[in-house]
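Each chain is listed here by its residues.
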Amino acid sequence: ELDHKTIEYTKNKYNFFSLNMATWVLHYLSVAFLITISYNIDAASAGITRHYQFDIQLKNITRLCKTKTIVTVNGKFPGPKVTAREGDNLQIKVVNHVSNNISIHWHGIRQLRTGWADGPSYVTQCPIRTGQSYVYNFTVTGQRGTLWWHAHIQWMRATVYGPLIILPKLHQPYPFPKPYKQVPIIFGEWFNADPQAVVQQALQTGGGPNASDAHTFNGLPGPLYNCSTKDTYKLMVKPGKTYLLRLINAALDDELFFTIANHTLTVVEADASYVKPFQTSIVLLGPGQTTNVLLKTKPSYPNATFYMLARPYFTGQGTIDNTTVAGILQYQHHSKSSKNLSIIKPSLPPINSTSYAANFTKMFRSLASSTFPANVPKTVDKKFFFTVGLGTNPCPKNQTCQGPTNTTKFAASINNVSFILPNKTSLLQSYFLGKSKNVFMTDFPTAPIFPFNYTGTPPNNTMVSRGTKVVVLKYNTTVELVLQGTSILGIEAHPIHLHGFNFFVVGQGFGNFNPAIDPKQYNLVDPVERNTINVPSGGWVAIRFLADNPGVWLMHCHIEIHLSWGLTMAWVVLDGDLPNQKILPPPSDFPKC
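Predicted model only: the values in this text are computed from it and were never measured.

**With respect to the sheet that holds strand β9 (residues 181-190)**
Item 1. One open sheet accounts for six strands, arranged β10-β9-β12-β17-β14-β15; its pairing is mixed. Every other strand in the sheet has two partners, leaving β10 (214-217) and β15 (273-280) as the edge strands with one partner each. On average, adjacent strands in this sheet sit at an angle of 25 degrees to one another, irrespective of strand direction.
Item 2. Across seven bridges, β9 lies against strand β12 (residues 242-249) in parallel orientation. The residue bridging Val183 from the neighbouring strand is Leu245, located in β12.

**Details of unusual backbone geometry**
Peptide bonds are trans in most cases, and residues, glycine excluded, mostly fall at negative phi.
Item 1. Cis geometry is found at the peptide bond from Phe77 to Pro78, where omega equals -10 degrees.
Item 2. By the element assignment, Pro78 lies in the loop between β2 (66-73) and β3 (82-85).
Item 3. In this structure, Asn218 is a non-glycine residue whose phi angle is positive, near 50 degrees.
Item 4. Relative to the elements of secondary structure, Asn218 occurs in the loop between β10 and β11 (234-237).
Item 5. Here the phi dihedral of Asn398 falls at roughly 65 degrees; this positive angle occurs in a residue that is not glycine.
Item 6. With respect to the helices, strands and loops of the structure, Asn398 is situated in the loop between β21 (382-394) and β22 (408-414).

**Notes on the sheet that holds strand β4 (residues 89-96)**
Hydrogen bonds along the backbone pair up the strands of a sheet, which may run parallel or antiparallel.
Item 1. Sheet architecture is open: four strands sit in the order β2-β1-β4-β6, paired in mixed fashion. What marks the edges here is a single partner per strand, and that holds for β2 and β6 (133-139). The sheet shows a mean angle of 20 degrees between the axes of neighbouring strands, taken without regard to direction.
Item 2. Two elements, β4 and β6, share seven bridges in a ladder whose sense is antiparallel. Looking at the pairing, Ile92 lines up with Tyr136 of β6.

**Considering the side chain of Thr568**
Item 1. Relative to the assigned elements, Thr568 resides in strand β33 (residues 568-573).
Item 2. Sequence-distant contacts of Thr568, defined by excluding residues within four places in its chain, comprise Ile414, Val417, Phe419, Leu554, Met555, His556 and Leu563.

**Here we look at the environment of Leu567**
Item 1. Within the secondary structure, Leu567 sits in the loop between α5 (560-565) and β33.
Item 2. Linking Leu567 and Trp149, residues 418 residues apart in sequence, is a C-alpha distance of 21 Å.
Item 3. Setting aside chain neighbours within four positions, we find Leu567 in contact with Val388, Gly389, Ala412, Ser413, Ile414, His494, Ile496, Met555, His556, Cys557 and His562.

**Observations regarding the nonpolar core**
Item 1. The biggest cluster of nonpolar side chains holds 101 residues, and the ones touching the most others in it are Leu245, Phe386, Met555 and Trp571.
Item 2. The element contributing the most residues to this core is strand β18 (residues 304-313), with seven residues.
Item 3. Counting residues in hydrophobic clusters, the runner-up holds 43 residues, among them Val82, Ile92, Phe419 and Leu428.

**Let's talk about the environment of Val472**
Item 1. Summarising the element assignment, Val472 is placed in strand β25 (residues 470-473).
Item 2. In this structure the C-alpha to C-alpha distance between Val472 and Thr354, which are 118 residues apart in sequence, comes to 35 Å.
Item 3. Setting aside anything within four residues of it in sequence, one finds Val472 in contact with Thr442, Val572 and Leu574.

Rules used throughout
- Residues numbered from 1 in each chain as written.
- Predicted model: local features only at pLDDT ≥ 70, side-chain atom pairs only at ≥ 80, totals over all residues.
- Heavy atoms only, no water.
- Pairing = 2+ DSSP bridges.
- Helix = DSSP H or I, 4+ residues; strand = E, 2+ residues; numbered from the N terminus.
- Axes fitted to C-alpha atoms, helices over the stretch in contact; angles between N-to-C directions.
- Contact = heavy atoms within 4.5 Å.
- Core = buried A, V, L, I, M, F, W, Y, C linked by side-chain atoms within 4.5 Å.
- Buried < 20%, exposed > 50% of the residue type's maximum accessible area, 1.4 Å probe, protein only.

Right, here's the structure in full:
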């Protein structure tokens, strides 16, 4: 038998052992838990690889009571939705089954060190020819939101386009109320004629292109067009819910106002960058731009349906498609029929409402939070001043043209240089191989060679020069670029898209930019971050960006005819010193010219 002291000693020793054992188990479990959490966070951050296949194929489509054969991806018009999360790797195999050459641009994707996957033909790759394929391989880094993809050769993007949706990382919430449902709505243009024939005729005659025959929502023209009531986009909603509408302007040549009758929209994102939320009844998107809006439906069934409308904003002198596309917002009700419901129609600003366009654009501000900061460059290494606008080229001998005069053709330029694409190699390939001498020149002007009153009476000489010229930047250069519209052959807005980068819109205004006064009004606190910005009609815009992405990057007007006329240039960003600051080598299946 054990005496009292032995029992007490044994009990204390047991309690000590139990306590330490429990502490050790808790510690072990805590460490294991933290390791698991850390692993899951790292796994979520690293993302997964998602595979898609795009078969470029012909498809017969009927719109406006006319059937024609169009080029599609996987037989779909618009094309399939690509979905990824921030941090995911995308491998999209494009197989060309048609006679046209093709390439696909992933509009707004940064393509950090993977310029070979950016897509513009003869800029970062040669096109994919008939019977060939190419895998676009890139990782979505530091981006989330609504982007899109489209063909980037000639006018193929008239039918070859679709949404590219980047969801936040797992367990990362939106910085706005979680929507009940998310809906992409893509604005497009429909041509009864072949869009390739339209642009070829324009380039041959020197005149403006024939306008499209309809605008579309998700490929459908809607009831305001002849023979199209059955081809109407309907958005079915429930009362008292919040919907996230992912708006994408894929139109070739038209900036578009958009509205929904008797409903207010809350803008929460632009070009896949969060913005400070603001309310509006009318949204304006230039070609190439995306905008996410929250639609909060009415609390109870309204006994009506509502038109969604889009029509152009335009101040230029050319001919455009000034028609209106209509879709229908319809509330679901388990017992009521929608056949006899009235349709409520909204109003839109006049086609040339520059004042509305300017006021709307000024509403955009970056979220500028601790989670989503606005890392706008506060100091600048290089400053550039680019004019953007129209001009003329001489008509070929023994030909009568249909340009501004019968001896001239329409052209477009940046700093009076109308860009010529190479046709036997790509800019990136020639640069990477050190064989750029006979492909492009590095003397693109940093400012207009001959300054003039840019938004006043235009000069008598409207001829542009032509060439393949680029600006070379050292890695990590901070850039300020002022884009100045001109009045040559009409005052109009120009949606300028920069490949490979986001930029911050630090200032904008009307008239001529004043370098002594206007920079004092720059917003360096919460400027909106975008990849496509409208140069105001008769005005200017100032942007800043960090050149932290080595490669060759196109910058151009996203009005397709202006791109065809040469309103384009390119930036060459040199490799940095570190391995992770250098462009990766081209993939083995890179298309050959």
